[in-house]
Amino acid sequence: MSKKEAIQPLTAYFQRENIRNVVILTDENVNRLYPDYFSGLQEFCQLDHYVLPAGESSKSIETAVKIWDYLAEKQYDRNVFLLNFGGGMVCDLGGFVASTYKRGIRFANHPTTLLAMIDAAVGGKTGINLQYLKNGVGTFYFPDIQLPVDISLLKTLPDEELRSGFGELVKYALIGSEELFQKLCQLDSIEHLEPDFLTFCVDFKQNVVKKDPKDTGLRHILNFGHTIGHAIESYGAEKGTPIAHGLAVAQGLYYESLLSTKLGLLPQNEWQQIAAFLPKHFQIMTLTEEILSKLVVFMQNDKKNSDNLINFTLLDHLGHATPNFQIPISEIQTYLLMTRPSTLDPKP
């Protein structure tokens, strides 16, 4: 897909809706690589840019306030359109800003990373981090137009970012398509992703969100790998050694698949496939008693939990997940402390 084809729906939308002022929200890295990506829109509207420091630290209330102040100082009213051009941080933060400025302005996401293309840019969840808590504050606010993915943008993506997105892609395979998982197992390199893989993820998420837009039930299946994954991400942030979201989620996939088997849901032979596949592409940390106790604290802060029970989405077979398993903390600690990924015999 060419750049022109990728933004053509946006051009048509601006003309139809008579959009005159567009603010492009992006970060330093994307702005350096693609400074003129949207130059073709200038004949239809006035373009402005707000460039963020790259990195997860920008996903904060302090940054949101700066953007609000900027929009107010430029005297933008509710007719301004916010175009989020970047990875997951930009899409999450930009969506949050759009949902709150003037009680809501129109916006769209044009993702530049694999992770954002298949996850953050789809589904209407916005958010900022609260101290070390991932997406501790946020809203449900849907883009006014869903733009097609421009897979050519992945050519400039650093290896860690590509691998991070691959972690989320594996999640979609595990919860939605055994066939896709088997194809991923046969990949020589994650650089050889087929566009159909991304299309499946986007379509799958959109179908789930359509049935449960406010995340009250079915949509919880998209959280597979994230209960432990978000805790690992928060743990890394607290230590001062940040872990990319998808890399943390990949570890969450590993341990939540293990829990699925320990609880008698996921067949042993299918756990063996997962346990053989994930360590080939991701580093899986060993959970010591000290680390696990810290992860439990972060997991307890998850909004889906209550009392001493942690809410998980678990697998009952490859390609199918079931949400809302309430597991006592003591059971989580018992099962996971038995595991040493580097020497694991993938039998439960």
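I will try to describe carefully the structure that is included in this document. From a predicted model like this one, the values you see are computed outputs, not experimental measurements.

1. Quick word on helix H4 (residues 88-100)
Since one α-helical turn is 3.6 residues long, residues separated by three or four positions face the same way.
For step 1, the next point in the chain: Between its first and last C-alpha atoms H4 spans 18 Å; for 13 residues at 1.5 Å apiece the expected length is 18 Å, and the two agree.
For step 2, the next point in the chain: With twelve of 13 residues buried, H4 is to be regarded as a mostly interior element.
For step 3, the next point in the chain: For H4, the set of buried residues is Gly88, Met89, Val90, Cys91, Asp92, Leu93, Gly94, Gly95, Phe96, Val97, Ala98 and Ser99.
For step 4, the next point in the chain: Just beyond H4, the residue with positive phi is Lys102, at close to 55°.

2. Quick word on the sheet that holds strand E3 (residues 81-86)
For step 1, the next point in the chain: Strand order in this open sheet of four strands is E2-E1-E3-E4, and the pairing throughout is parallel. Edge strands, defined here as strands with exactly one partner in the open sheet, are strand E2 (46-52) and strand E4 (106-111). With strand direction ignored, the average angle separating the axes of adjacent strands in the sheet is 20°.
For step 2, the next point in the chain: Taken strand by strand, H4 contacts strand E1 (21-27), E2, E3 and E4, and its axis lies near 165° from that of E3.

3. Some words on the pairing of E4
For step 1, the next point in the chain: Across the six residues of E4, six count as buried, placing the element largely inside the fold.
For step 2, the next point in the chain: The pairing of E3 with E4 spans six bridges and is parallel. From the neighbouring strand, Phe85 faces E4, where its bridge partner is His110.
For step 3, the next point in the chain: In this fold, E3 hands off to H4, which returns the chain to E4; that crossover is right-handed.

4. Observations concerning the nonpolar core
For step 1, the next point in the chain: With 89 residues, the main nonpolar core has Phe38, Phe81, Leu83, Leu169 and Leu184 as its most contacted residues.
For step 2, the next point in the chain: Ranked by the residues each element gives to this core, the list is headed by helix H10 (residues 245-262), at nine residues.
For step 3, the next point in the chain: In this view, Phe38 contacts Ile7, Leu10, Ile24, Leu47, Leu83, Phe85 and His110; residues no more than four positions away in its chain are not counted.
For step 4, the next point in the chain: Ranked by size, the runner-up nonpolar core spans 21 residues in total, among them Tyr70, Val80, Leu93 and Ala98.

5. A word on the packing of aromatic side chains
For step 1, the next point in the chain: Under the criterion given, the structure shown has 18 aromatic pairs.
For step 2, the next point in the chain: Consider the rings of Phe181 and Phe277, whose centres lie 5.3 Å apart with planes at 70°: the pair is edge-to-face. A residue pair is termed long-range when its members are at least 10 positions apart, and Phe181 in helix H7 (residues 178-185) and Phe277 in helix H11 (residues 268-281) qualify at 96 residues. Like Phe181, the residue Phe277 is buried in the burial classification.
For step 3, the next point in the chain: One aromatic cluster in this structure is built from Tyr34, Tyr37, Phe38 and Phe85.

What counts, and at which threshold
Residues numbered from 1 in each chain as written. Predicted model: local features only at pLDDT ≥ 70, side-chain atom pairs only at ≥ 80, totals over all residues. Heavy atoms only, no water. Helix = DSSP H or I, 4+ residues; strand = E, 2+ residues; numbered from the N terminus. Expected span 1.5 Å × (residues − 1). Buried < 20%, exposed > 50% of the residue type's maximum accessible area, 1.4 Å probe, protein only. Pairing = 2+ DSSP bridges. Axes fitted to C-alpha atoms, helices over the stretch in contact; angles between N-to-C directions. Contact = heavy atoms within 4.5 Å. Right-handed = clockwise from strand over helix to strand, strands pointing away. Core = buried A, V, L, I, M, F, W, Y, C linked by side-chain atoms within 4.5 Å. Phe/Tyr/Trp six-rings, centres within 6.5 Å; stacked < 30°, edge-to-face > 60°.

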